[in-house]
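Structure at a glance
Listed below, chain by chain, are the residues.
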Amino acid sequence: MDLGRDNQAIPLTILTGFLGSGKTTILNRLLRDPRLTDTAVVVNEFGEIGLDHLLVESALDQMVLMDNGCLCCSVRGDLVDTLSDLLSRAEAGEIPPFGRVMVETTGLADPAPIAQTLVSDESLAERFVLKAIVTAVDGVNGIETLTAYDEARCQVAMADLLLITKTDLAEARQGQVSTAARALNPQAEILPAPGGRIDPQVILDAQSTTVDAAAHAPGLDDDHDHAHHHHGHGWNIQSASIVIDEALPWETISAWLDWLTAMRGPDILRIKGLLEIEGYNTPVLVQGVQHVFSPPRFLEDWPDDDRRSRIVIITRNVPEGALRHSLEIFRTRAKQAA
């Protein structure tokens, strides 16, 4: 495939959504479909250690992880470099050719500057076209999230397609969440995505109506200066990245997570961890949003050579030191009781 030389731009889809809304689950399911086998994936993460790229079950060599900040802030230049590098590597035969790109943003990203970059950078505009912005909205916590966070409202307002996730859960409020999203975006199609399932053809057919509006997204002031608190987008949002060198008793980590969510549930925006658990050879994946945790899941194998437990916690007004200290207390008590 001769990329770009026939003057046919490569379609690019932005997959966004607030923390814990289910973007990676949707992406995993999409990439299993043969219709997306020629898709290049760019994953942006929030936190000192990256986990999302390890959980995207794709064998594509052209996956690129950008883990040094939000796409809407410091890595906007890196997005240009990354897409240009993908093209150069494909044309040189270093990676397989690709016919489309999907950018999964961090949960704290405002998609407007990303869309703006795609249309304002001449080198990108000649080679890529923004196909659509697809936003995942949490079917359980979506109303509270949209009420509390400017970025979540911006993600919904900018969307060409809204996917209401977790509609398979008993506590889901699909109708209410859809109504709240519709109030912010009357034009976008709204579809349920139970368990992250959506017909890939819906994604492929989605058309962008937001390119011209990229500079006028509601919800954020045009001159906001990203006054971060450890990249906090104005609400003292913090990322704690915890690495543990030894296997953990499941009872200890489970008790700590239960205590943490009971004490500070509304401020625990996202927990994701790959854990080495005593007595098991394969890692355990734990994921939670505020008070809601998915059932722990055993993976078939470690996704890389690092066998240490890694936990990323994104919080609001919860110091990283307090998180580390509380976990250490639980671990110490367990060792003393053994």
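To start, this report covers the structure provided alongside it. Because the structure is predicted, anything quoted here is derived from the model rather than measured.

Looking at the overall build of the protein chain
Assigned secondary structure in the protein chain consists of eleven helices and 13 strands. Partitioning the intrachain contacts of the protein chain with sequence separation of at least 6 by distance along the chain shows that 77% fall at a separation of at least 24. In the form shown here, the protein chain has an accessible surface area of approximately 14700 Å², with 48% of it arising from carbon and sulfur atoms.

What about the nonpolar core?
Soluble globular proteins tend to pack their nonpolar side chains together in the buried interior. In this structure, Phe18, Leu19, Val137, Val156, Leu162 and Leu274 are the most contacted members of the largest nonpolar core, which totals 25 residues. Of all the secondary structure elements, the ones that give two or more residues to this core are helix H2 (52–55), helix H7 (150–157), strand S6 (161–165), helix H8 (174–184), strand S9 (268–275) and strand S13 (309–316). Not counting residues within four places of it along the chain, the set of residues in contact with Val156 comprises Thr135, Val137, Leu146, Leu162, Ala181, Leu184 and Asn185. By size, the runner-up hydrophobic cluster in this structure holds 24 residues, among which are Ala40, Ile95, Val101 and Met158.

Remarks on the packing of aromatic side chains
The relative placement of two aromatic rings is captured by the distance of their centres and the angle of their planes. This structure, assessed with the given rule, holds three aromatic pairs. Arranged with centres 4.7 Å apart and planes meeting at 20°, the rings of Phe18 and Tyr149 form a pair that is stacked. Of this pair, Phe18 sits in the loop between strand S1 (10–17) and helix H1 (23–31) while Tyr149 sits in the loop between helix H6 (142–148) and H7; the two residues are 131 residues apart in sequence, bridging distant segments of the chain. Side by side, Phe18 and Tyr149 carry an identical accessibility label, which is buried. Their ring planes at 40° and their centres at 4.8 Å tell us that Tyr280 and Phe298 sit as a pair that is tilted. Of this pair, Tyr280 sits in the loop between S9 and strand S10 (284–289) while Phe298 sits in strand S12 (residues 297–298); the two residues are 18 residues apart in sequence, bridging distant segments of the chain. The class of Tyr280 is partly exposed, set by a relative accessible area of 47%.

So, unusual backbone geometry
A positive phi is found at Lys166, a non-glycine position, where the angle reads about 60°. With phi around 60°, Asn317 is a residue other than glycine that occupies positive phi space. With respect to the helices, strands and loops of the structure, Asn317 is situated in the loop between S13 and helix H11 (320–337). Note on Asn317: relative accessible area 40%, which makes it partly exposed.

Focus on the pattern of salt bridges
On inspection of all chains with the given rule, the structure shows 17 salt bridges. The shortest N-O distance in the salt bridge between Asp33 and Arg35 comes to 2.8 Å. Where Arg100 meets Asp38, a salt bridge forms, and the shortest distance between an N and an O atom there is 2.6 Å. Placement of Arg100 in strand S4 (residues 100–104) and of Asp38 in the loop between H1 and strand S2 (39–44) is noted, with a sequence separation of 62 residues between them. Given a relative accessible area of 28%, Asp38 falls into the partly exposed group. Residues joined by salt bridges that share partners form a network here, namely Glu246, Glu328, Arg331 and Lys335.

Points about the packing of helix H10 (residues 250–264) against H11
Between H10 and H11, whose axes approach to 10 Å, the crossing angle comes to 140°. The pairing of H10 with H11 is recorded here as oblique in orientation. In the packing of H10 onto H11, the handedness of the crossing is right-handed. Across from Thr252, Ile253, Ala255, Trp256, Trp259 and Leu260 in H10, the residues of H11 making contact are Leu323, Ser326, Leu327, Phe330, Arg331 and Ala334. Residues that form the contact of H10 with H11 fall into these classes: nine nonpolar, two polar and one charged.

A short note on H1
By the criterion of burial, H1 is predominantly enclosed, with seven of the nine residues buried. Taken together, the buried positions of H1 are Lys23, Thr24, Ile26, Leu27, Asn28, Leu30 and Leu31.

Scoring rules and cut-offs
Residues numbered from 1 in each chain as written. Predicted model: local features only at pLDDT ≥ 70, side-chain atom pairs only at ≥ 80, totals over all residues. Heavy atoms only, no water. Helix = DSSP H or I, 4+ residues; strand = E, 2+ residues; numbered from the N terminus. Contact = heavy atoms within 4.5 Å. Areas by Shrake-Rupley, 256 points an atom, 1.4 Å probe, with all protein chains shown as cover. Core = buried A, V, L, I, M, F, W, Y, C linked by side-chain atoms within 4.5 Å. Buried < 20%, exposed > 50% of the residue type's maximum accessible area, 1.4 Å probe, protein only. Phe/Tyr/Trp six-rings, centres within 6.5 Å; stacked < 30°, edge-to-face > 60°. Salt bridge = Lys/Arg side-chain N within 4 Å of Asp/Glu carboxyl O. Axes fitted to C-alpha atoms, helices over the stretch in contact; angles between N-to-C directions. Parallel < 35°, antiparallel > 145°, perpendicular 65-115°, else oblique. Left-handed = near helix turned anticlockwise from the far one by under 90°. Nonpolar A, V, L, I, M, F, W, Y, C, P; charged D, E, K, R; others polar.

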